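# Per-entry structural report
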Amino acid sequence: MLENKNIIITGAGSGIGRATSILAAGYGANVVCVDLNPCVEETVQEIKAGNGNAVAQIADVSREDDVQHYIQICIDTFGSLHGIYANAGVSGGGKPMLDLTVEDWHRTLSVNTLGVFLAVKHSVPHFTQAGAGAIVCTASVAGLRANAGGVDYSASKAGVISIAQTVAYQLHGTGIRINAICPGLIETGMTKPVFDSARQRGTENRIGQINPTKRFGQPHEIAEMACFLLSERASYVNGQAIPVDGGLSASHPWAFPRN
Ligand code: NAP
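Our subject in this report is the structure included herewith. This is a predicted model, so every value here is computed, not measured. (Residues numbered from 1 in each chain as written. Predicted model: local features only at pLDDT ≥ 70, side-chain atom pairs only at ≥ 80, totals over all residues. Heavy atoms only, no water.)

### Here we look at the pairing of strand S1 (residues 6-10)
It is a general feature of regular strands that their side chains alternate between the two faces of the sheet. Counting buried residues along S1, five of its five residues qualify, which places the element largely inside the surrounding structure. Across the two faces of S1 the burial is the same, with Asn6, Ile8 and Thr10 and Ile7 and Ile9 all buried. As paired strands, S1 and strand S2 (residues 30-35) are joined by five bridges and run parallel to one another. By the bridge assignment for S2, Ile9 is matched with Cys33. Sheet analysis places S1 next to strand S4 (residues 83-86), joined by three bridges and oriented parallel. (Buried < 20%, exposed > 50% of the residue type's maximum accessible area, 1.4 Å probe, protein only. Helix = DSSP H or I, 4+ residues; strand = E, 2+ residues; numbered from the N terminus. Pairing = 2+ DSSP bridges.)

Dropping the structure here:
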């Protein structure tokens, strides 16, 4: 599906980014795995162990010079850029609104929203030159509706959805597509506190029960959507915010009937 495509994936050290890096390499992509956390090296080792092709790059996605650098690494290492998955993010800690500081707000939006904007801004000139390119961003169901994160996190993800919609139109006729994925609850490093505390309380079997699929998701289930959107199989999908959430966002509030 991604044979010989040169792709950058951010947040590749853990969770959704790691799963997507491994899957994309399995589908034939050459991957630049970007993360602030050195555990991104382990992702690359795993890809190489499976005979895939990848390089690791430590970078802060909210720093413009780091973004320019990780894009240049892709060009220098693989010769061109075909797609980028701007996925790195932070939860913001889910603080109540009145406890949020200006610093909290800036940090969450710097990584989650500015990081996506910078990835778009600095990859687009390469795609324009090539007359093609695929941009995928990770938003969240929190960007669609309330109750899936703090106000800083939710606003940051609504911003990502808006970037996908707005940029799709600004790039009309260029051959470049951009889409956002809105994951529901996925078991990753970010959601570990939720899972740990449920396990401690013995309520693990209640996690994910409010969606009609009746379970939480795994990173590879988001990775499949990301690889599809990065590939030419998604050639007519553009400017969309696509929930991958077991159906959570499909409904108005609703109580499951008791068995
Ligand atoms: P994760 O396991 O914590 O992975 C995120 C990765 O991004 C981590 O390796 C993290 O490093 C890295 N990162 C954080 N700040 C960074 C920065 N400034 N520059 C570069 N890398 C940075 O979480 P995940 O669940 O896979 O999250 C991936 C994306 O999915 C995020 O955008 C998240 O908001 C979104 N999402 C997740 C869920 C879910 O239920 N898991 C639901 C909806 C949306 P550290 O570990 O050192 O922080």
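### Topic: the site of the ligand
Within the structure, the ligand sits among 28 residues, and Ser14, Asp35, Asn87, Tyr153 and Thr188 are positioned closest to it. Within the side chain of Ser14, a nitrogen or oxygen atom sits 2.5 Å from an oxygen atom of the ligand. In the model, an oxygen atom of the ligand is placed 2.8 Å from a nitrogen or oxygen of the Asn87 main chain. Protein chains shield 88% of the accessible area of the ligand, which is 880 Å² for the free molecule. When contributions to the shell around the ligand are tallied by element, the ones reaching two or more residues are helix H1 (15-26) and helix H5 (151-170). Here the residues of the shell around the ligand sort into 13 nonpolar, twelve polar and three charged. (Near = heavy atom within 4 Å. Polar contact = N/O pair within 3.5 Å; in protein donor to acceptor, adjacent residues only side chain to side chain. Areas by Shrake-Rupley, 256 points an atom, 1.4 Å probe, with all protein chains shown as cover. Nonpolar A, V, L, I, M, F, W, Y, C, P; charged D, E, K, R; others polar.)

### Concerning helix H3 (residues 64-78)
Compared with an ideal rise of 1.5 Å per residue, which puts 15 residues at 21 Å, H3 spans 21 Å between its outermost C-alpha atoms and is within 8% of the ideal. Against the buried residues of H3 lie S1, S2, strand S3 (53-58), S4 and helix H4 (102-130). Just downstream of H3, Gly79 is the residue with a positive phi angle, here 95°. (Expected span 1.5 Å × (residues − 1). Contact = heavy atoms within 4.5 Å.)

### Some thoughts on the pattern of salt bridges
Pairs may arise between side chains of opposite charge once their charged atoms sit close together. The final tally for this structure, using the stated rule, is ten salt bridges. The partner of Lys121 in a salt bridge is Glu64, and the shortest N-O contact between them spans 3.8 Å. With a gap of 57 residues between them, Lys121 in helix H4 and Glu64 in helix H3 connect regions that are remote in the sequence. On the accessibility criterion, Lys121 (42% relative accessible area) is partly exposed. Given a relative accessible area of 34%, Glu64 falls into the partly exposed group. A salt bridge links Arg215 to Glu221, with the nearest nitrogen and oxygen atoms 2.7 Å apart. (Salt bridge = Lys/Arg side-chain N within 4 Å of Asp/Glu carboxyl O.)

### Overview of the packing of aromatic side chains
Summed over the entire model, instances satisfying the criterion amount to two aromatic pairs. Aromatic side chains Trp254 and Phe256 sit 4.9 Å apart centroid to centroid with 75° between the ring planes, which places their arrangement in the edge-to-face category. A relative accessible area of 58% places Trp254 in the exposed class. The ring of Phe256 carries the charged tip of Lys214 above its face, separated from the ring centre by 3.8 Å. (Phe/Tyr/Trp six-rings, centres within 6.5 Å; stacked < 30°, edge-to-face > 60°. Lys NZ or Arg CZ within 6 Å of the ring centre and 35° of its normal.)

### Some thoughts on the packing of H1 against helix H7 (residues 219-230)
Here H1 crosses H7 at 55°, and the two axes come no closer than 8 Å. As the angle between them shows, H1 and H7 are arranged oblique. Handedness of the crossing formed by H1 with H7: right-handed. Along its contact with H1, which presents Gly15, Ile16, Ala19, Thr20, Leu23 and Ala24, the element H7 presents Pro219, His220, Ile222, Ala223, Glu224, Ala226 and Cys227. In the contact of H1 with H7, the residues fall into nine nonpolar, three polar and one charged. (Axes fitted to C-alpha atoms, helices over the stretch in contact; angles between N-to-C directions. Parallel < 35°, antiparallel > 145°, perpendicular 65-115°, else oblique. Left-handed = near helix turned anticlockwise from the far one by under 90°.)

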